[in-house]
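Observations on the model geometry
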Amino acid sequence: MSAQKEKLAHANKRLMGLFKADQKTMMAFKTLSDTAVREGQVSTAMKEMIAVAVAAARGCEDCILYHVNEAKSHGAERDTLIEVLAVAIEMSGGPGTVYAAKALDAFDQL
């Protein structure tokens, strides 16, 4: 198993622990998340890539892993992700660049 897949598995395990501790809040969050990424004028894959860009700009490695995995599962392409990450870098400078590189690495490893 790749390092990124292991990190994703650990992140999902932590989220399940929180879900078990507070199902009401986590179900509300899941409903929000599912609604936000539903297919519409913007594809689910693109919405997930936008989430990756926000996660890179905010510096959330677990969020990057989760949303890269979701983007890939909905058919996201590497070249499109690179373009989206360029916007994250533009909006967040040096720290976003570091996390954008992590996002691309996650895409390649997942």
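Here the structure is a predicted model, which is why all the values come from computation and not from measurement.

1. Side note on the packing of aromatic side chains
The full count for this structure, using the stated rule, is 0 aromatic pairs. The positively charged end of lysine 72 is found above the aromatic ring belonging to phenylalanine 107, 4.5 Å away from the centroid.

2. Digging into a nonpolar patch on the surface
Among the surface-exposed residues, Val42, Ile50 and Val54 lie close enough to one another that they form a single nonpolar patch of about 230 Å² accessible area. With respect to the element layout, valine 42 can be found in the loop between helix H2 (23-36) and helix H3 (44-58).

3. Concerning the pattern of salt bridges
If you walk through the whole model with that rule in mind, you get 5 salt bridges. Of the charged contacts, one joins glutamate 61 and lysine 7 as a salt bridge, the two residues approaching to 3.3 Å between their closest N and O atoms. In this pair, glutamate 61 is assigned in helix H4 (residues 61-73) and lysine 7 in helix H1 (residues 3-21), connecting sequence segments 54 residues apart. Glutamate 61 sits in the partly exposed class, given a relative accessible area of 25%. Several salt bridges share partner residues, and in doing so they unite Lys7, Glu61 and Lys102 into one network.

4. A short note on the packing of H3 against H4
Between H3 and H4, the least distance of the axes is 8 Å, while the angle of their chain directions is 165 degrees. As summarised for this structure, H3 and H4 are arranged roughly antiparallel, according to the angle between their axes. Once H3 is placed against H4, the crossing between them reads as left-handed. The segment H3 lies against H4, with Ala45, Glu48, Met49, Ala51, Val52, Ala55 and Ala56 engaging Cys63, Ile64, His67, Val68, Glu70 and Ala71. Taken together, the residues that form the contact of H3 with H4 break down as 10 nonpolar, 1 polar and 2 charged.

5. Some points on the state of the cysteines
Each disulfide consists of one covalent bond between the sulfur atoms belonging to two cysteines. Across all of its chains, the model carries 1 disulfide by this definition. Here cysteine 60 is linked by a disulfide to cysteine 63, with a sulfur-sulfur distance of 2.4 Å. Disulfide cysteine 60-cysteine 63: torsion about the S-S bond near 65 degrees, hence right-handed. Residue classification places cysteine 63 among the partly exposed positions, given a relative accessible area of 31%.

6. Description of the UniProt feature "domain: Carboxymuconolactone decarboxylase-like" (unreviewed entry) in the protein
Mapped onto this structure's residue numbering, the UniProt feature "domain: Carboxymuconolactone decarboxylase-like" (unreviewed entry) falls at residues 26-105. With 84% helix and 0% strand, residues 26-105 has its two end C-alpha atoms placed 28 Å apart.

Definitions and limits used
Residues numbered from 1 in each chain as written. Predicted model: local features only at pLDDT ≥ 70, side-chain atom pairs only at ≥ 80, totals over all residues. Heavy atoms only, no water. Phe/Tyr/Trp six-rings, centres within 6.5 Å; stacked < 30°, edge-to-face > 60°. Lys NZ or Arg CZ within 6 Å of the ring centre and 35° of its normal. Patch = residues over 30% accessible without salt bridge, like charges linked within 9 Å, V, L, I, M, F, W, Y side chains within 5 Å. Areas by Shrake-Rupley, 256 points an atom, 1.4 Å probe, with all protein chains shown as cover. Salt bridge = Lys/Arg side-chain N within 4 Å of Asp/Glu carboxyl O. Helix = DSSP H or I, 4+ residues; strand = E, 2+ residues; numbered from the N terminus. Buried < 20%, exposed > 50% of the residue type's maximum accessible area, 1.4 Å probe, protein only. Axes fitted to C-alpha atoms, helices over the stretch in contact; angles between N-to-C directions. Parallel < 35°, antiparallel > 145°, perpendicular 65-115°, else oblique. Left-handed = near helix turned anticlockwise from the far one by under 90°. Contact = heavy atoms within 4.5 Å. Nonpolar A, V, L, I, M, F, W, Y, C, P; charged D, E, K, R; others polar. Disulfide = S-S within 2.5 Å. UniProt positions renumbered as here; feature names shortened; annotations may be inferred.

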